[in-house]
Amino acid sequence: MAKKRYAIVLDASKCLNCKACTVACKLENDVPVGQETYRIWVTENRLHGNFPNLTQTFQPSQCQHCENTPCASVCPTNATYKTEEGVVLVDYDKCVLCKACMTACPYDARFVDEHLAAVEKCTMCYHRLPDRDPACVETCPTKVRVFGDINDPESKASKLLAKNSYYRLKPSVNTRPRLFYVD
Amino acid sequence: MGKGQLSLSRRKFLQVSGAAASSVAAGGLLNTVKATASEHSITNSSGNKEKFVPSACAMCVNKCGLVAHVVDGRIEKLNPNHKFFKSRSMLCARGNAGAAEPYNPDRLKKPLLRVGKRGEGKWKEISWEEAYKLAAERLAELKQKYKNRSSVAFVSTEGFQEEFFNMLSTSYGSTNTVRHPTLCLASVIQGWSSVFGTYPDADLTEADFVLMLGANRAESFVTPDTIDFQKSMPKKQTLVYVDPRFTATAAKSDKWYAIKPGTDLAFVLALINVIVTENWYDENFVNENTHGFEDLIKHVKLYTPEWAEKECEIPADEIRWVARQYAKYAPRSVIYPGRRTSWYVNDVYFRRACAILTAITGCWDEPGGVIPKSSIPLAKHDGALYPFYDMVKPRIDVSRESSINHLIPNDERAKKGLPQDSCAYLSEKDGSWIVFRDSVLKSDPYPVKGMFIFKQNPVEAVPNREKTLKMLQQMEFICTIDIQMSDTAWYSDLILPESTYLERWDPCHSLSGIWPIVVARQPVIEPIFDTKSMKEITAGIVNEMLKIPSLWDDCWESDVKSFKETVVKPILNQPTEKFIEHQLSKYPGAYEMMLKEGVFYIDDTAKYGKTKKKDFRYKTKTGKIEIYNVRYEDDGLSPLPVYASPSQPKPNEFRMILGRHAWNTHSGTQNNEYLHEIEPENAVWINDKRAFELGIMDGDYVYVKSSVGEQKIKAKVTRKIRPDCIFYTHGFGRLSKGLSLVYKTGASQSAILEDYVDSISGNAAMHETFVEIRKA
Amino acid sequence: MTTHTERVSNLASKTLTTSLIVIGIILLAIGGYASLQVFLQGHEAVYAVNREVPWGLLIATYAYFVITSTGLAFIGGLGHAFGFEKYSKMSKRIVVMAFVILLAGFTQIGMEIGHPIRLMIYLILSPNLNAPIVWMGVFYGIELVILAVELYIIFKPNKKESDHNTAKIVGFFALLVGVLATSNLGYVFGSLNARPFYHGVYFSIFLVISGITAGAALLLAIHNIIYKFNVPENLYSSMKALGKLMGAGIGVMIFLYLWKILSSLYTQPGDSYLAAKALLTGPLSINFWVGELVLAVILPLAIIVFSKASNMKALGIAGIVFMIGLFFTRYDFIVAGQLPPMREGLAGSGVHTVNGLAQYAPSATEWMIFALGWGVFLVLYFLAERFLILDTKEH
C-alpha cells in the first residue's frame, strides 16, 4: 500500500472572501479569539486598475505543510514533527516556546497560543482525517479547497493537479509546500 | 363594528381541509447525497459523551442544515449537514459562529422588567410566571383603555417560531402585525408577481448568461445561489454584474458596470428595447403565454441604449452587447430576480421590467432560466379556530387618513405612476413598516400604545432611528422577545429571553425553490439559562390571558371554547415535537427522517416545468404572463414600467447606499466575538478622488450627516465605489450596553437614513438619502 | 609590592564595590518584580514580542551577555593557552567576569523561553540534532562548565604545577568552545532561509569578532572602574594590548558592516534590502547611526586611535562607550531581520505592518528583565571583587 501524501488543492478564483473557513477553523480547533491567534487566513489581494476597470482576487492560506520543513529543522526538542502522510504537527507537551519555528517559517503560519502555552498552527485537522475533511475544506461554500492524497491518482486532489496548471507560494525558499494553487 | 366587516383573511388559521393532493413520499433516500455522521450519543476514546445532532441554522434567513458536534453537553462545533442539498454542504462564517451564541456572555438569561426610565438600562429579574401574568394584564388593560385590540402592534421577522408569535397576535386579535418584507423584498415580490403571478428563483447551475443587478451574492448569502454562481455553474457561464460599488461579486464577475444609482430601470428598459427592435424575442413563447406585448413595443421605443447611457452612465455599446448576449444564450439566460430591494421608490417598476425581459425571451421555467419556486406541502393544523373579536379596527397603515406623499421624494418619479396618498398593495400580514410607524406617530386614525416585538430590532433595522425611538417613547407597554439585548430590547419594558435555535424544538419549514426541502430543529443542547421558546412564551401568555375575563368580552363564548379546544389544548399546550409530527404526517417515515437526518425531501432533483403543464393558469388577472398589468391600470398605476430620473445629490453631497458583508446578518450578529473580530468597527467607503478633495485620508474619522442624523465613523478611502456614493455596513454604533462589543462603536445606519417608501409595495427605499461628509 | 597594591586596591574598592553591589541588588529587585509579573500573567501579557517579531529585546540581551562572555574567554585563552602574557596578567578577572556574565546571559534566555525546564529535559530526551539551538545550548552549557572548572583551578587553595598545565588546556577549550558557541549562536539566525537578512555566514563571523572586541572593551572598562580610573602601572601593557585588540576588532567590524550593508542594498535584494533600509532610514535608524555606528564604532575607535591606545582613562571611556553601543548592535540586527514581514500586511492577512514593515518596541517588563541580567552581573562580579583576590600574581 503506497504511503499517503496529504495535500490541499485550492482554486482561489472561487473564493468569495466570506471568512467561513477562518471561523470554522477557530471553532473546530479551539483557537482563541484574537488578532494574532489564527491558523488560517484569507487575504484580500491588492486592487488592480482604476475605477471602473478594477480587479481583485482573494487568497486563502495557512501552514503549507512543507515537504522541506524549515520549522521542523530548527525545533530543538522535535516538538514540531511530520506525520508519515506529510502533515506537520506540533507536540504541545514538547514545545518550549523558543519560537525558532516562527522565525524559520517563511509563511507566518505560526503563533503562540497562551492557553496551550505552545506554538500553534494549522494541523490539516489531523484529528478528522481521513474520514472527514478538514474543517476549512468542508465548510467552504464554493469548495475552494480540496483535500486529498496526491499519491492516489484517483483522488479529486490528484485529478485537479493533473488537469490544471498550478503554483505554490514562495518557491524561492524551496520548501516544496503541500498546498497547491490552481491557476 | 360588526363581525361582517372584518376581513376574512384575519381568520388565517381557519382552514377547511380539502382533498389532500400530496405527492407520494419515496420513503427512503434517492440519488446522490453524501453520508452524514448521524450517530446516537457514544462515549468516545477520551471517555466523553459525544453525539452528532442534526438541526438547522438560524444565523440568517437561509436556514442551512447543520450537524452539531456535542461533547459532554457542550457544543464543540457546527458542521454542514451534507443531506441539506439547498446549501450544497456548506456552513458559512455565521453558521459556524453560531456554536458560540448559546455561550455568549451578553446573552439574555432571565425575564427582565424595566425599573428605571425607558432606555436607561435598569432591570429587575422576574420569574416566567410573573412575566406571563404581566404581559396578559397589559394586553387586557390596553384593550379596555382604547377599546381596540389593534392598539397593540405585533412586530416580527421571519423564523421558525414566528408562527407561534403569530398565534399570540391572532389570539389577541390585533390587525397590526408588521413584518420585515417592507424592509427588504416586498417590491421584488410585487414586481415579479405582477408579471408571472409569483416571485421566482434563478437556475444558476445551468444558465449560460447571468445578469445580476445589485444582488451581491458573494456577500449577501442566499442559498444555493451564492454557492452555485461560483461552484456549480456551467464552465462557460458569463456573469455580468451591475452595481455602483465594486463588491466581492464584482471581483468574481466577468464584467462589472458601475451604474449610476437609481437608474437600473433605464438600463433594463434599454435591454428590452434592443431585444424588441432587433427581434431577439421568443415569438412563440410571447404569443402563447403573454399579454400586452404589442403595448410593450410601443412603450420601449424611446428607451434606446443611447437614451439609457445618459441616465445610467453605462455606454450604449455595452448595453447592446449585454442585450445581445442575453438573447444569444436564451432560454438559458437569467436576469437575476434578487432579494433585498429596499433601494429606490420605483423599485416595483424596475423589478417588473426584469420580469418582462425574462418573459419576452422565454427564459422561464426551464433549465438555465428563471424558475417558479416549488415546495413540499406540509399538513396544516386544519380546524384551528380563533375567536372573532368586535373591538378591532383595521390595519393602521391601510386605514390611515393622511397622505403619504411626504414619504416619497419630490422628484420626477413622484409624478410617474407612484400613488401619493396611500400604498397601492400592502400585505395583510406584513403591512408597511415606514407607513405603520408614520401612522402610529400621528395616531392616525387611532392610537397604538402597545408593542410586542419578536426577533426584530426596529431601532436599527428601520430607517430614521429618531422616529423609531420617538414611537417607542409613545408606547405604554413594550415587550420584546429576543436572545440578545438588542437596541429595541434596551428600550422595552418587559424583555423575554428566547432560547437560542440550538436549544429548542422548531416546527418544520418547507423551503421553496428549485430544489425544495423541509427542515425543522431539535435541541442540540438543553437550554443553558432560564430561557424559553416563543411557543412556550405564547402558551404561557395565552394561558394567563384566558384567566382574564375582560379579554374575552367582545366575542362569543363558544368561540372561546373552540379556541381552547382547537388551538390552546392541541397546539400551544403540546410539545413542539407533536406539531412537527403533524406537519409531516402526509409522508410516512418523514418524521423519523427529520429526527435522524435533519431534513425531509421527496428527491433532490431540480424542479422545472410546472407552468408548462396543459391549461396552467398564471395567478394574474388575465391568467397569462402580464407584460401589461391590467390590475395596475385599474388601480391607477402604470401598467408598463415607466421611467423617471431619481433626484441627484448636490455636488458636495453623496448618496448613501447599503449592502452586506458575508460575516454578519443585519444587526443581529455583530456581538458574536468570532464575527466581531473579523470587522470590529465599520468604515465608510469614500471614492479616493472625493476623499482627496475633502482632505480625508484612509483611517481618518469623519462625520456623516443627513437631514435626520449624524454619525462619526472611520473612513475607508477606495477606488471601489462611485464618486457620488458612500457605503458602510449595518449593525454598528449601537445604543444598547448589552451589546458590549459594538456599543457606541462605529456608526449606525438607521440614525442617518431618511424614510421613504415605494408606494406601490410599501417597501422602504433606503438608497434615497443624501449625506454630507466632513473630517472629524 | 603586590601586597601593597593588593592592600591599596582592596581598601580603595570597598566603598566602590559595596555601592556597585547595592546598585546590583536594586536591579535584581526590579528584575525580580518583573519576573514575578511574568510568572503570574504569562509571557503574552507582559512582553511586546508578537507574531511577526517573535524574537525581541531578551534575545538581544541574551546575545549581548553570552557573546561578551565568550569574547572574554577567548582573550583568557590567548593568555592561558597561547602564552600572551599581557592577557594572562588579567586572567583571574577574565575568568570570573566571563563566568558571571554568562550566568547573566542565562537569566535572559531563561526568562525569554516559555518553558526553560522543559527545554533542558527534552534536550536530553529527544534533541533534534539538526537544530542550531540545540548546539547553541550544548556549547554554551559546556562553556559554563569549562569556566567553572577554570574558576576552581584559579581559586583552589593549594596549587600544583600540574594545575598550571590543566589551566592551559582548560583555557584553550574555553576559547575553542566559546568560538563554537558564539558562531553557533550566529548560525541560529544564519540558518533561516526565510529571513534573507539573517541568512548566511555574516552573523557567525560578526558575533565572534564583536564578542572578542566586547571582551576587550569590558576589561578596559572594569579595570578603570575598579581602580577608579587610576590603573596601576603593572597593568599598563595589558591595557594597551587590550586597547589595540579592541581597535583591531572594531576595524574588522567596520569591514564586515560595510560589505553586509552594501550587499543588502545594491540591486535591492528583497527582504535584505528592506531590513537594511529599516536600519539606515527606517524605524531603527537612530539605533543604527547613533547607537551602533557612533557609540560602538566611531567614538571608541577614534579614542583608541587618537590616544594611541596609551591613555588608560581614555581606553576606559572607550570601553564603556563601546559596551553601550554594543547593546544597539545586538538589538538592531535581531530586530531588523524580522521587520520585513513574511506576508504583506493586506486586509484579511492578519499581518500588521506600518510602511510595509512589522512593528516591535520592547515593553517595560522586558527592560526590567534586562535589569535582572545586569543585577546578576553587578552583584556576583563585585562580590567577587570584594571578597576574592582578583589581581593575578605574576607566574
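Reading the values: the criteria
- Residues numbered from 1 in each chain as written.
- Chains lettered and ligands numbered in written order.
- Predicted model: local features only at pLDDT ≥ 70, side-chain atom pairs only at ≥ 80, totals over all residues.
- Helix = DSSP H or I, 4+ residues; strand = E, 2+ residues; numbered from the N terminus.
- Buried ≥ 20, exposed ≤ 12 C-beta atoms within 10 Å, placed from the backbone.
- Contact = placed C-beta atoms within 7 Å.
- Rg over C-alpha atoms; globule rule 2.2 N^0.38 Å.
- Expected span 1.5 Å × (residues − 1).
- Bend = angle between axes of the 7 residues up to and from the residue.
- Core = buried A, V, L, I, M, F, W, Y, C linked by C-beta atoms within 7 Å.
- Pairing = 2+ DSSP bridges.
- Axes fitted to C-alpha atoms, helices over the stretch in contact; angles between N-to-C directions.
- Parallel < 35°, antiparallel > 145°, perpendicular 65-115°, else oblique.
- Left-handed = near helix turned anticlockwise from the far one by under 90°.
- Nonpolar A, V, L, I, M, F, W, Y, C, P; charged D, E, K, R; others polar.
- pLDDT = per-residue confidence, 0-100.
- Domains from an automatic or database assignment.

For the rest of this paragraph, the subject is the overall build of chain B. Along chain B, the regular secondary structure elements total 25 helices and 30 strands. Seen along its three principal axes, the alpha-carbon backbone of chain B occupies a region of about 70 × 65 × 60 Å. Here chain B holds 776 residues, and the buried ones make up 60% of them. Within chain B, counting contacts between residues at least 6 apart in sequence, those at least 24 apart form 76% of the total.

The next subject is the overall build of chain C. When its secondary structure is counted, chain C shows 14 helices and 0 strands. Element order for chain C, N to C, with α for helix and β for strand: α-α-α-α-α-α-α-α-α-α-α-α-α-α. Whereas a compact globule of 395 residues would reach a radius of gyration of roughly 21 Å, chain C reaches 21 Å, a difference of no more than 12%. Classification of the 395 residues of chain C by burial places 54% in the buried group. Sequence separation of 24 or more characterises 79% of the internal contacts of chain C that already satisfy a separation of 6 or more.

On to helix α20 (residues 557–572) of chain B. Residues and elements named next belong to chain B. Under the 1.5 Å per step criterion, the end-to-end length of α20 is only 20 Å for 16 residues, more than 12% shorter than the ideal 22 Å. In α20, a bend of some 35° at K564 exceeds every other bend along the element. The inward-facing, buried residues of α20 contact α3 (162–172), α19 (534–545) and α21 (576–583).

As a further point, take the environment of G200(C). All names here are of chain C. With respect to the secondary-structure elements, G200 resides in the loop between α8 (161–190) and α9 (202–226). On the basis of neighbour counts, which here come to 18 C-beta atoms within 10 Å, the residue G200 falls in the partly exposed class. Sequence-wise, G200 and K156 are 44 residues apart; in three dimensions their C-alpha atoms are separated by 43 Å.

Here is a general trend for soluble globular proteins: nonpolar side chains tend to be buried in one another's company. Of all hydrophobic cores here, the largest spans 440 residues; its most connected members are V210(B), L211(B), F267(B), L269(B), L271(B), I272(B) and V757(B). Top element by residues in this core is α9(C). It accounts for 16 residues. If sequence neighbours within four positions are ignored, L271(B) has contacts with I319(B), V322(B), A323(B), Y326(B) and L357(B).

We now examine the sheet that holds strand β6 (residues 123–125) of chain B. Residue and element names in this part refer to chain B. Strands sit in the order β6-β5-β18-β17-β16-β7-β8 across an open sheet of 7 strands; the sheet is mixed. Both outer strands of the open sheet, β6 and β8 (177–178), are each paired with one neighbouring strand and no more. For strand β7 (residues 152–156) and β8, the ladder comprises 2 bridges, and the chain directions are parallel. When the sheet's bridge partners are listed, F154 is paired in β8 with T177. The strands touched by helix α2 (residues 128–146) within the sheet are β7, β16 (450–454), β17 (477–482) and β18 (494–497), with β18 carrying the most contacts at an inclination of about 135°. Here α3 sits on the sheet and contacts β7, β8 and β16; the angle it forms with β7, its principal contact strand, is near 170°.

Our next topic: the packing of helix α4 (residues 186–196) of chain B against helix α12 (residues 347–361) of chain B. All names here are of chain B. At a minimum axis separation of 7 Å, α4 and α12 run at an interaxial angle of 40°. Between α4 and α12, the crossing angle belongs to the class labelled oblique. Along this stretch, α4 crosses α12, giving a crossing that reads as right-handed. On α12, the residues touching S187, V188, Q190, G191, W192, S194, V195 and F196 of α4 are D347, V348, F350, R351, R352, A355, I356 and A359. In the contact of α4 with α12, the residues fall into 9 nonpolar, 4 polar and 3 charged.

Moving on: the sheet that holds strand β21 (residues 599–600) of chain B. Residues and elements named next belong to chain B. The 3 strands lie next to each other as β19-β20-β21, forming an open sheet whose pairing is antiparallel. Bordering the open sheet on either side are β19 (506–511) and β21, each of which pairs with just one other strand. Here 4 bridges tie β19 to strand β20 (residues 517–521), and the two strands are oriented antiparallel to one another. By the bridge assignment for β20, L511 is matched with I517.

With 34 residues of chain A in contact, the opposing surface of chain C contributes 38 residues. Breaking the side of chain A that touches chain C down by element, the ones donating at least two residues are β2 (41–44), α2 (70–74), α3 (100–104) and β8 (111–113) of chain A. When grouped by side-chain class, the residues that make up the side of chain A that touches chain C number 20 nonpolar, 7 polar and 7 charged.

Here we come to the interface of chain A and chain B. Facing the 27 residues of chain A at the interface are 27 residues of chain B. Within the residue set of the side of chain A that touches chain B, elements represented by two or more residues are α1 (20–28), β4 (53–55) and α4 (135–139) of chain A. Among the elements that line the side of chain A that touches chain B, the one with the most residues is α1(A), at 6 residues.

Along any regular strand, the residues point their side chains to alternate faces of the sheet. Residues and elements named next belong to chain B. Along strand β3 (residues 65–71), 6 of the 7 residues are buried, which leaves the element largely enclosed by surrounding structure. In this structure, strand β2 (residues 49–56) lies alongside β3, joined through 7 bridges in antiparallel fashion. Of the residues in β3, the one forming a bridge with P54 is V67. With 6 bridges joining them, β3 and strand β4 (residues 74–80) adopt antiparallel strand pairing. Within β4, the residue paired with V67 across the bridge is N79. Counted along the chain from β3 to the antiparallel partner β4, the turn is 2 residues long, and its residue D72 has a positive phi close to 50°.

Glancing now at the pairing of β17(B). Residues and elements named next belong to chain B. Most of β17 sits out of view: 5 of its 6 residues are buried. Two elements, β17 and β18, share 4 bridges in a ladder whose sense is parallel. Its bridge partner lying in β18, D482 is registered against P497.

The next point concerns the confidence of the model for chain B. Atom-level detail of predicted coordinates should not be read off regions where pLDDT is low. Averaged over all residues, the pLDDT of chain B equals 93, while 94% of them reach at least 70. This stretch, residues 1–40 of chain B, has a pLDDT under 50; its non-local contacts, to residues over four places away or in other chains, come to 54 contacts.

Residue and element names in this part refer to chain B. Each assigned domain of chain B is listed with its residue range as follows: domain 1 (42–103), domain 2 (186–374 + 609–634) and domain 3 (654–775). A straight line from the C-alpha centre of domain 2 to that of domain 3 covers 29 Å. Opposite the 22 residues of domain 2 that make contact, domain 3 presents 23 residues. Mapped by element, the contributors of at least two residues to the side of domain 2 that touches domain 3 are α4 and α12. For the side of domain 2 that touches domain 3, the element with the most residues is α4, which contributes 3 residues.

On to the domain arrangement of chain C, then. Residue and element names in this part refer to chain C. Domain boundaries in chain C define domain 1 (9–47 + 364–389) and domain 2 (48–343 + 353–362). Residue assignment for the side of domain 1 that touches domain 2 shows that the elements contributing at least two residues are α1 (2–41) and α14 (364–387). When the residues that make up the side of domain 1 that touches domain 2 are grouped by side-chain class, the tally is 14 nonpolar, 5 polar and 2 charged.

Here the focus is unusual backbone geometry. Here the amide bond leading from L129(A) into P130(A) is cis, since omega sits at -10°, within 30 degrees of zero. Relative to the elements of secondary structure, P130(A) occurs in the loop between β9 (118–120) and α4. The amide bond that connects A330(B) to the next residue, P331(B), takes the cis arrangement and shows omega of 5°. As for its placement among the helices and strands, P331(B) is situated in the loop between α11 (316–329) and β14 (333–335). Phi is positive for N464(B), which is not a glycine, with a value near 70°. For N464(B), the position within the fold is in the loop between α16 (458–461) and α17 (465–474). By the C-beta count within 10 Å, which is 24 here, N464(B) ends up buried. Unusually for a residue other than glycine, T267(C) sits at a positive phi of about 60°. Its location among the elements puts T267(C) in the loop between α10 (236–265) and α11 (270–280). Among the residues examined, T267(C) registers 7 C-beta atoms within 10 Å and is labelled exposed.

Let's shift gears to the confidence of the model for chain C. Residue and element names in this part refer to chain C. Mean pLDDT over chain C stands at 93; residues scoring 70 or higher make up 96%. Per-residue pLDDT stays below 50 along residues 1–5; that stretch engages in 3 contacts with residues further than four places along the chain or on separate chains. If you check the scores for this complex, the pTM reads 0.93 and the ipTM reads 0.97.

Residue and element names in this part refer to chain B. It is at 9 Å that the axes of helix α7 (residues 264–277) and helix α9 (residues 293–300) come closest, and there the two elements cross at 110°. Between α7 and α9, the crossing angle belongs to the class labelled roughly perpendicular. Both α7 and α9 take part in a crossing whose hand is left-handed. Across from L269, I272, N273 and V276 in α7, the residues of α9 making contact are L296, I297 and V300. Looking at the contact of α7 with α9, its residues break down into 6 nonpolar, 1 polar and no charged.

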